[in-house]
Amino acid sequence: VQLQASGGGWVQPGGSLRLSCAISGDIFSINAQGWYRQAQGKQRELVARITRGGNPSYADSVKGRFTIFRDNANNTVYLQMNSLKSEDTAIYYCNVDLIRSDLGSNNVWGQGTLVTVSS
């Protein structure tokens, strides 16, 4: 199973970016998908997560600004980031809990995409 994240870049404060994460490989079903981030010198933290049933949850720091959603047909999860702040600067990683065709489970990380918010 591979996760290909994209969409990072540089944006000014107040701007928007949309991250995407395409999941490919041996997938029987997807349980939960999430976005994490790691700023320089800090621990990786959960930003947003969406369950199999479609229920999203967010870190308090991004509530009302970020939206996680997915395209089940294409096994892609997105993170729409609006009203970006300098403190959102980090490497963003996608993560997925899935079931393989042999009914084993995997937790897989994407390669990370850098988001820089500055003027």
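Structural data are supplied above this passage.
Definitions and cut-offs
Residues numbered from 1 in each chain as written. Predicted model: local features only at pLDDT ≥ 70, side-chain atom pairs only at ≥ 80, totals over all residues. Heavy atoms only, no water. Helix = DSSP H or I, 4+ residues; strand = E, 2+ residues; numbered from the N terminus. Buried < 20%, exposed > 50% of the residue type's maximum accessible area, 1.4 Å probe, protein only. Contact = heavy atoms within 4.5 Å. Salt bridge = Lys/Arg side-chain N within 4 Å of Asp/Glu carboxyl O. Phe/Tyr/Trp six-rings, centres within 6.5 Å; stacked < 30°, edge-to-face > 60°. Lys NZ or Arg CZ within 6 Å of the ring centre and 35° of its normal. Pairing = 2+ DSSP bridges.

**Some words on the overall build of the protein**
Working step 1: A tally of regular secondary structure across the protein gives zero helices and eleven strands.
Working step 2: The secondary structure elements of the protein, listed N-terminal to C-terminal, are β-β-β-β-β-β-β-β-β-β-β.
Working step 3: Dimensions of the protein, computed from the C-alpha atoms along their principal axes, are close to 50 × 25 × 25 Å.
Working step 4: Per-residue burial over the protein gives 39% buried out of 119 residues.
Working step 5: Once local pairs closer than 6 in sequence are excluded, the contacts in the protein between residues at least 24 apart make up 53%.

**A short note on the pattern of salt bridges**
When their charged atoms lie close together, side chains carrying opposite charge are able to pair.
Working step 1: Following the criterion strictly, the structure yields five salt bridges and no others.
Working step 2: Taken together, the shared-partner salt bridges connect R37, E45, R65 and D88 into one network.

**A few points about the packing of aromatic side chains**
Working step 1: For the structure on display, the rule yields three aromatic pairs.
Working step 2: Cation over ring: R44 sits above Y93, and NZ or CZ is 3.8 Å from the ring centre.
Working step 3: Across the ring face of W109, the terminal group of R44 is positioned such that the distance to the ring centre comes to 4.6 Å.

**Some words on the pairing of strand β9 (residues 90-99)**
Working step 1: Among the ten residues that make up β9, eight are buried, leaving the element largely enclosed by the rest of the structure.
Working step 2: Across nine bridges, strand β4 (residues 29-38) lies against β9 in antiparallel orientation. Along β9, the bridge assignment pairs A32 with D97.
Working step 3: By the bridge criterion, three bridges tie β9 to strand β11 (residues 113-117) in an arrangement that is antiparallel. Looking at the pairing, A90 lines up with V115 of β11.
Working step 4: Pairing of β9 with strand β10 (residues 105-109) involves five bridges; the strand directions are antiparallel. Looking at the pairing, L98 lines up with N106 of β10.
Working step 5: Adjacent in sequence and paired antiparallel, β9 and β10 are bridged by five residues, among which L103 carries a positive phi angle near 70°.

All quantities given are derived from atomic positions and should not be read as evidence of function.
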